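Summary of the model geometry
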Amino acid sequence: MSDLIKKLIYRSNHRGTKEMDLLIGGFANNNLQSLTLEELKEFEILLNFTDKELSSWLVDNKKNIEIEKFSISQKIKEFKLKF
(Lines give C-alpha, C1' and ligand atoms only; values in the text may rest on other atoms or scores of the structure.)
Protein backbone atom coordinates (compact mmCIF):
# COMPACT_ATOMS: atom_id res chain seq x y z
CA MET A 1 0.00 0.00 0.00
CA SER A 2 1.51 3.30 -1.01
CA ASP A 3 2.13 6.06 1.47
CA LEU A 4 -0.39 8.29 -0.34
CA ILE A 5 -3.15 5.69 -0.01
CA LYS A 6 -2.32 5.10 3.65
CA LYS A 7 -2.49 8.85 4.30
CA LEU A 8 -5.80 9.21 2.45
CA ILE A 9 -7.38 6.28 4.28
CA TYR A 10 -6.32 7.72 7.62
CA ARG A 11 -7.64 11.19 6.79
CA SER A 12 -10.88 9.71 5.47
CA ASN A 13 -11.57 7.74 8.62
CA HIS A 14 -10.69 10.55 11.03
CA ARG A 15 -12.78 13.40 9.65
CA GLY A 16 -14.31 14.62 12.89
CA THR A 17 -17.92 13.56 12.45
CA LYS A 18 -19.06 9.95 12.59
CA GLU A 19 -21.25 10.31 9.49
CA MET A 20 -18.38 11.50 7.31
CA ASP A 21 -16.03 8.94 8.85
CA LEU A 22 -18.46 6.24 7.74
CA LEU A 23 -19.24 7.61 4.28
CA ILE A 24 -15.91 9.06 3.17
CA GLY A 25 -13.90 6.52 5.15
CA GLY A 26 -16.00 3.68 3.82
CA PHE A 27 -15.45 4.87 0.27
CA ALA A 28 -11.71 5.13 0.88
CA ASN A 29 -11.46 1.69 2.49
CA ASN A 30 -13.33 0.04 -0.39
CA ASN A 31 -12.05 1.98 -3.42
CA LEU A 32 -8.69 3.71 -3.08
CA GLN A 33 -6.68 0.68 -4.18
CA SER A 34 -8.42 0.69 -7.57
CA LEU A 35 -8.27 4.43 -8.30
CA THR A 36 -5.93 6.08 -10.75
CA LEU A 37 -3.29 8.52 -9.54
CA GLU A 38 -5.38 11.40 -10.90
CA GLU A 39 -8.43 10.18 -8.95
CA LEU A 40 -6.33 9.83 -5.80
CA LYS A 41 -5.17 13.42 -6.20
CA GLU A 42 -8.76 14.58 -6.68
CA PHE A 43 -9.81 12.62 -3.58
CA GLU A 44 -7.03 14.27 -1.61
CA ILE A 45 -8.34 17.68 -2.66
CA LEU A 46 -11.89 16.70 -1.65
CA LEU A 47 -10.65 15.83 1.82
CA ASN A 48 -9.82 19.52 2.29
CA PHE A 49 -13.51 20.39 2.20
CA THR A 50 -15.14 20.66 5.60
CA ASP A 51 -17.43 17.97 6.96
CA LYS A 52 -20.28 20.46 6.72
CA GLU A 53 -19.63 21.06 3.01
CA LEU A 54 -19.29 17.35 2.27
CA SER A 55 -22.33 16.45 4.34
CA SER A 56 -24.51 19.06 2.64
CA TRP A 57 -23.45 17.73 -0.75
CA LEU A 58 -23.43 14.01 0.03
CA VAL A 59 -26.18 13.57 2.61
CA ASP A 60 -28.49 16.52 1.97
CA ASN A 61 -27.98 16.33 -1.83
CA LYS A 62 -27.29 20.06 -2.13
CA LYS A 63 -25.43 21.19 -5.24
CA ASN A 64 -21.78 22.09 -4.77
CA ILE A 65 -20.06 23.02 -8.00
CA GLU A 66 -16.63 23.03 -6.35
CA ILE A 67 -17.02 19.39 -5.29
CA GLU A 68 -18.88 18.21 -8.39
CA LYS A 69 -16.18 19.45 -10.77
CA PHE A 70 -14.04 16.44 -9.77
CA SER A 71 -14.69 13.17 -11.57
CA ILE A 72 -14.17 11.27 -8.31
CA SER A 73 -17.26 12.94 -6.84
CA GLN A 74 -19.51 10.76 -9.02
CA LYS A 75 -17.87 7.59 -7.68
CA ILE A 76 -18.41 8.81 -4.12
CA LYS A 77 -22.09 9.49 -4.84
CA GLU A 78 -22.48 6.01 -6.34
CA PHE A 79 -20.86 4.49 -3.25
CA LYS A 80 -23.27 6.40 -1.01
CA LEU A 81 -26.24 4.92 -2.87
CA LYS A 82 -24.96 1.41 -2.07
CA PHE A 83 -24.18 2.33 1.55
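All of the points below concern the structure found in this document.

Relative to the helices and strands, Ser-12 resides in helix α1 (residues 3-13). Residue Ser-12 is classed as buried on the basis of its relative accessible area of 0%. Apart from residues lying up to four places away in sequence, Ser-12 is in contact with Met-20, Asp-21, Ile-24, Gly-25, Ala-28, Phe-43 and Leu-47.

This paragraph deals with the environment of Thr-36. Of note, Thr-36 is situated in the loop between α2 (18-31) and α3 (37-46). Taking the C-alpha atoms as reference points, Thr-36 and Lys-80, separated by 44 residues in sequence, lie 20 Å from one another.

Reading the values: the criteria
- Residues numbered from 1 in each chain as written.
- Predicted model: local features only at pLDDT ≥ 70, side-chain atom pairs only at ≥ 80, totals over all residues.
- Heavy atoms only, no water.
- Helix = DSSP H or I, 4+ residues; strand = E, 2+ residues; numbered from the N terminus.
- Buried < 20%, exposed > 50% of the residue type's maximum accessible area, 1.4 Å probe, protein only.
- Contact = heavy atoms within 4.5 Å.

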